[in-house]
Amino acid sequence: MVRLNDALKAVAEALAFDRRRKAEELRHKLALHDEARTKLRSDLDTNAAAGARVYTYKPVIDAVPQCPRCWIQRARQEPIIEQGSGGENALFKCSECGCEVPVDP
Ligand SMILES: [Zn+2]
């Protein structure tokens, strides 16, 4: 009878070992999902906030034109400077991010 007990117990231990290993694998996968979820949440918040900044964008502050990209993407007020007008359109350029905005005369 001891042999039966040992045989059954050995099978149970082998099955339990497999399940523990599977549980560990799933724990790891869940941790990766948590990391991905945290990153997605952060990206979502960043993009939602950037999109909402359009409502507070001031194209001109104290007579200085402001770069729209710097405001929307980084919440920074940077001047956008008119480059030499060589033609029909004026070209405004931000020295911080390189954003260019052509403006009809
Ligand atoms: Zn800029």
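Preceding this paragraph is the structure being described.
Only a predicted model underlies this, so the values are computations on that prediction, with no experimental measurement involved.

Analysis parameters
- Residues numbered from 1 in each chain as written.
- Predicted model: local features only at pLDDT ≥ 70, side-chain atom pairs only at ≥ 80, totals over all residues.
- Pairing = 2+ DSSP bridges.
- Helix = DSSP H or I, 4+ residues; strand = E, 2+ residues; numbered from the N terminus.
- Axes fitted to C-alpha atoms, helices over the stretch in contact; angles between N-to-C directions.
- Buried ≥ 20, exposed ≤ 12 C-beta atoms within 10 Å, placed from the backbone.

Draft legend 1. Main features of the sheet that holds strand β4 (residues 90-94). Strand order across the open sheet formed by three strands is β3-β4-β5, with antiparallel pairing between neighbours. Two strands in the sheet have a free side with no partner beyond their single neighbour: β3 (80-82) and β5 (100-103). The average undirected angle you get between the axes of adjacent strands in this sheet is 25 degrees. Sheet topology note: the β4/β5 ladder contains four bridges and is antiparallel. By the bridge assignment, A90 is partnered in β5 with V103.

Draft legend 2. Here's a closer look at unusual backbone geometry. One non-glycine residue with positive phi stands out, namely D62, at about 50 degrees. Inspection of the secondary structure assignment puts D62 in the loop between β1 (60-61) and β2 (64-65). Positive phi outside glycine occurs at A75, with the angle close to 60 degrees. Mapped onto the elements of the fold, A75 is located in the loop between α2 (68-74) and β3. The exposure class assigned to A75 is exposed, which follows from the 11 C-beta atoms found within 10 Å.

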